[in-house]
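# A structural walkthrough
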Amino acid sequence: MSTNPTTYDRIYDVVRQIPLGRVATYGQIAELSNLAGKARLVGYALYRVDMQNLDIPWQRVVNAKGEISLSPLRFGTDYLQRDLLENEGISFNDAGKINLRKYLWQPHKSQPVD
């Protein structure tokens, strides 16, 4: 699969739709971008986003366990991601997980207001 800008643009277009106070998983974004099975590609695309560019709310994408995927290559942005999510009202349990039943974005369903 090519990783040309068009592919990344499709991913970014979907990520931009995640509302404040909600999260999506890498796999979910891949499926919504017509890239089923390419969750890692979503991760690569989001890694390329300028962490200060919140036009693409990269911080709202987490792994399928509801965790921030830690990486030494991100030079501390793992902690920035958690801070940004907490500032949006998303809480983490003691194990560092997000309750996906509460916070998972469901684009095809109306979401209850917390």
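Residues numbered from 1 in each chain as written. Predicted model: local features only at pLDDT ≥ 70, side-chain atom pairs only at ≥ 80, totals over all residues. Heavy atoms only, no water.

Before going further, it helps to examine the overall build of the chain. Assigned secondary structure in the chain consists of five helices and two strands. Walking the chain from its N terminus toward its C terminus, one meets helices and strands in the order α-β-α-α-β-α-α. For the chain, buried positions account for 42% of its 114 residues. Taking contacts inside the chain between residues at least 6 apart in sequence as the whole, the part at least 24 apart equals 65%. Carbon together with sulfur atoms contributes 50% to the accessible area of the chain, which is approximately 7000 Å² in total. (Helix = DSSP H or I, 4+ residues; strand = E, 2+ residues; numbered from the N terminus. Buried < 20%, exposed > 50% of the residue type's maximum accessible area, 1.4 Å probe, protein only. Contact = heavy atoms within 4.5 Å. Areas by Shrake-Rupley, 256 points an atom, 1.4 Å probe, with all protein chains shown as cover.)

Mean pLDDT for the chain: 87, with 82% of residues reaching 70 or above. Looking at the elements of the chain, mean pLDDT is at its lowest for helix H4 (residues 77–87), recorded as 88, and at its highest for strand S1 (residues 24–25), recorded as 98. (pLDDT = per-residue confidence, 0-100.)

Those residues of helix H3 (residues 39–47) not exposed but buried are Leu41, Val42, Ala45 and Leu46. What you see down the axis of H3 is that its buried residues fit within an arc of 135°, all on one side. (Arc of directions from axis to C-beta.)

For asparagine 34, which is not glycine, the phi dihedral falls at a positive 60°. The residue asparagine 34 is located in the loop between helix H2 (26–32) and H3 in this model.

Summarising the element assignment, glutamine 28 is placed in helix H2. If near-sequence neighbours (up to four positions away) are discounted, glutamine 28 is found in contact with Val23, Leu104, Trp105 and Pro107.

What follows deals with the nonpolar core. Counting 21 residues, the largest nonpolar core has Ile11, Tyr12, Val15, Ile29 and Leu46 as its most contacted members. When residues of this core are traced back to their parent elements, those giving at least two are helix H1 (5–15), H2 and H3. Considering each element in turn, this core owes the most residues, five residues, to H1. (Core = buried A, V, L, I, M, F, W, Y, C linked by side-chain atoms within 4.5 Å.)

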